[in-house]
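Breakdown of the fold
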Amino acid sequence: MKQYSKRMVIAHWLTLGLLVLAWYLGDSLSDSTDESRATLLGYVVHATAGIALLLLIAMRLFFRGKDGTPPATGNAVMDRVAHGVHHTLYLLLLLVPITGILTVLRSSVAKALLAGDASMLPKAHGFHGLLVHKLHGTLVNVLIAVVVLHVLAALKHQFIDKDGLLERMMLRRK
Ligand code: HEM
Ligand code: HEM
């Protein structure tokens, strides 16, 4: 096998799209809370995007187990680094939505959603230093940093090494 399976490729690029969406929605939500004007819909939309991403990653890991991955490139050190980065990305892609769900459950957001009452939502600094809320925001930042590293590595392969690695993550079959 020289390329990732088609369903792995689709899941990879869908992950990128959903991550950008969930990140943007989360950031806007946090700004709204800081200004005490967050809405129930804002929470529902962000949580839906985040849970969709969690389900996508679960499916992606299932596909990975069934379809396998293309062979290592042969550069022992870089293969180990890539392996480490890919596993870190999967771990973070699971931990970020899980901490998001816990933030909802451990704060007044869950009660506000159940009651359908936006006045019960946290106001500015309303999460009162809730550890899992801080963890959610911090893990998102770590995830973005690792994604940047991953994209830089892909660009290096494409434009410096010119080894066609990107083709492994493309729908067009060689
Ligand atoms: C990979 C998926 C997700 C990403 C990328 C993401 C991203 C973010 C970001 C960037 C923030 C703002 C953090 C800050 O500035 O402190 C945030 C806040 C939050 N997220 Fe997520 N999130 C994800 C999944 C989820 C899920 C699944 C839930 C709940 C079901 C959730 C619930 C929350 C809550 C409650 C907040 C706090 C909002 C506030 O401060 O008012 N997130 N998220
Ligand atoms: C422009 C953005 C991106 C580019 C150009 C890109 C490119 C690639 C390429 C070429 C591979 C195959 C590497 C190999 O065969 O060794 C790959 C794998 C991977 N990418 Fe990306 N990627 C991007 C964005 C992302 C994002 C946003 C995530 C997740 C947050 C991600 C997660 C992964 C993971 C986990 C793998 C390993 C797949 C596996 O072995 O199961 N990528 N990426």
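1. Some thoughts on the coordination of the iron atom of ligand 1
Surrounding the iron atom of ligand 1 are the protein donor atoms His46 (NE2) and His136 (NE2), which sit 2.0 to 2.1 Å from the metal. Geometry at the iron atom of ligand 1 is octahedral, judged from the six donor atoms that bind it and their angles of 87 to 179° at the metal. In this pair, histidine 46 is assigned in helix H2 (residues 40–67) and histidine 136 in helix H5 (residues 131–161), connecting sequence segments 90 residues apart. Taking the relative accessible area as the measure of exposure, histidine 46 reaches 18% and is therefore buried.

2. Brief notes about the packing of helix H1 (residues 6–34) against H5
Contact geometry of H1 with H5 gives a least axis separation of 13 Å together with a crossing angle of 140°. One element, H1, and the other, H5, form an angle in the oblique class. Note that H1 runs across H5; the crossing there is left-handed. Each of His12, Leu19 and Trp23 in H1 lies in contact with H5, whose residues at this interface are Val140, Leu143, Ile144, Val147 and His150. Classifying every residue of the contact of H1 with H5 by side-chain character gives six nonpolar, two polar and no charged.

The rules we used
- Residues numbered from 1 in each chain as written.
- Chains lettered and ligands numbered in written order.
- Predicted model: local features only at pLDDT ≥ 70, side-chain atom pairs only at ≥ 80, totals over all residues.
- Heavy atoms only, no water.
- Donors = N, O, S within 2.8 Å, 3.2 Å for Na, K, Ca; no water.
- Tetrahedral: all angles 85-135°; square planar, octahedral: opposite > 155°, others 65-115°.
- Helix = DSSP H or I, 4+ residues; strand = E, 2+ residues; numbered from the N terminus.
- Buried < 20%, exposed > 50% of the residue type's maximum accessible area, 1.4 Å probe, protein only.
- Axes fitted to C-alpha atoms, helices over the stretch in contact; angles between N-to-C directions.
- Parallel < 35°, antiparallel > 145°, perpendicular 65-115°, else oblique.
- Left-handed = near helix turned anticlockwise from the far one by under 90°.
- Contact = heavy atoms within 4.5 Å.
- Nonpolar A, V, L, I, M, F, W, Y, C, P; charged D, E, K, R; others polar.

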